[in-house]
Amino acid sequence: MTVRIRPLDPLQDAELIHPWVTHPKAAFWMMQEAKLQDVERAYMEIAAHPHHDAFIGLVDERPAFLMERYDPSQVELVGLYEPQPGDVGMHFLVAPTDTPVHGFTRTVITAVMRELFADPATARVVVEPDVRNTAVHALNEAVGFVPERAIRKPEKEALLSFCTRAQFEAATGAAI
């Protein structure tokens, strides 16, 4: 399996990701009722933001996941924790499928983390999934995230978790 990550083009990729973000399995993405234009608009806002980026992940050259990278001192977590130099925020969403492949989501999160740590300026990855999203908590811990505490965001109760480069390498055996 080869994984490649490319920038998301809001106008060209909205049609691709619309069924992903509105799928019942993407409930924690909080876009269940979004229309195609809503998805276009949301990702155009991300594309225009100086501290937030979105990407499409391709597995064997087929679009398979969505990834977002953000500066948590400027987006999402402003005032909710004490940011450190080199902190990078991350969201990811695997495209829904009728034929799940065992271990696929773990492959995706590992690829996302490799991509983030490929930037030498990244010291620590920060995530804030919904506290009820136990499946993603287990995945996060499998790649080295350590939960710190629950935080209240406007849209959800979130589990603030961190993963350093050393924690990622120890958990996955991956050398960056």
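Residues numbered from 1 in each chain as written. Predicted model: local features only at pLDDT ≥ 70, side-chain atom pairs only at ≥ 80, totals over all residues. Heavy atoms only, no water.

Caption draft 1: Up close: the nonpolar core. Ranked by size, the top nonpolar core spans 25 residues in total, and within it Phe 65, Met 90, Phe 92, Val 112, Met 113, Leu 116 and Phe 145 carry the most contacts. For this core, the secondary structure elements donating two or more residues are strand E2 (52-59), strand E3 (62-70), strand E4 (87-94), helix H3 (104-117), strand E5 (124-127) and helix H4 (134-142). Take this core: its biggest share by element is 7 residues, from H3. Setting aside anything within four residues of it in sequence, one finds Phe 145 in contact with Met 90, Met 113, Val 125, Val 126, Val 127, Asn 140, Ser 161, Phe 162 and Cys 163. Residues Ala 14, Trp 29, Ala 34 and Ala 54 belong to the second largest nonpolar core, which totals 18 residues. (Core = buried A, V, L, I, M, F, W, Y, C linked by side-chain atoms within 4.5 Å. Buried < 20%, exposed > 50% of the residue type's maximum accessible area, 1.4 Å probe, protein only. Helix = DSSP H or I, 4+ residues; strand = E, 2+ residues; numbered from the N terminus. Contact = heavy atoms within 4.5 Å.)

Caption draft 2: Inspection of H4 at higher detail. Those residues of H4 that sit buried are Val 136, His 137, Leu 139 and Asn 140. Each buried residue of H4 sits inside an arc of 165 degrees when the element is viewed along its axis, so together they form one side. The exposed set on the far side of H4, more than 90 degrees from its buried face, consists of Thr 134 and Ala 135. Those residues of H4 that are buried lie in contact with E4, H3, E5 and strand E7 (157-164). Downstream of H4 by one or two residues, Gly 144 has phi in the positive range, about 110 degrees. (Arc of directions from axis to C-beta.)

Caption draft 3: View of the environment of Cys 163. Position of Cys 163 relative to the elements: it lies in strand E7. Through-space distance from the C-alpha of Cys 163 to that of Asp 87 is 9.6 Å; in sequence the pair is 76 residues apart. The contacts of Cys 163, once residues within four sequence positions are left out, are Met 113, Phe 117, Ala 123, Arg 124, Val 125, Val 143, Gly 144, Phe 145 and Phe 168.

Caption draft 4: Geometry of unusual backbone geometry. Its identity is not glycine, yet Met 30 carries a phi of approximately 60 degrees, on the positive side. Relative to the helices and strands, Met 30 is located in the loop between helix H1 (10-22) and helix H2 (36-48). In this structure, Glu 76 is a non-glycine residue whose phi angle is positive, near 70 degrees. For Glu 76, the location among the structural elements is in the loop between E3 and E4. The exposure class assigned to Glu 76 is partly exposed, which follows from its relative accessible area of 28%.

Caption draft 5: Looking closely at the pairing of E3. Where E2 lies against E3, 8 bridges are found, and the strand directions are antiparallel. Counted as the bridge partner of His 52 is Tyr 70 from E3. The hairpin turn running from E2 into E3, its antiparallel successor, is 2 residues long, and Asp 60 in that turn takes a positive phi close to 50 degrees. By the bridge criterion, 6 bridges tie E3 to E4 in an arrangement that is antiparallel. (Pairing = 2+ DSSP bridges.)

Caption draft 6: Quick peek at the confidence of the model for the protein. Here the protein averages 95 in pLDDT, and 100% of its residues register 70 or above. Ranking the helices and strands of the protein by mean pLDDT puts E5 first, with 98, and H4 last, with 94. (pLDDT = per-residue confidence, 0-100.)

Caption draft 7: The arrangement of the pairing of E5 in detail. Judged by which residues are buried, E5 turns out to be covered on both faces: Arg 124 and Val 126 on one side and Val 125 and Val 127 on the other are all buried. Alignment of E4 against E5, held across 3 bridges, turns out to be parallel. Within the sheet, the bridge partner assigned to Gly 89 lies in E5 and is Val 126. Traced from E4 through H3 to E5, the parallel crossover comes out right-handed. Two elements, E5 and E7, share 4 bridges in a ladder whose sense is antiparallel. Residue pairing in the sheet places Arg 124 in a bridge with Thr 164 of E7. (Right-handed = clockwise from strand over helix to strand, strands pointing away.)

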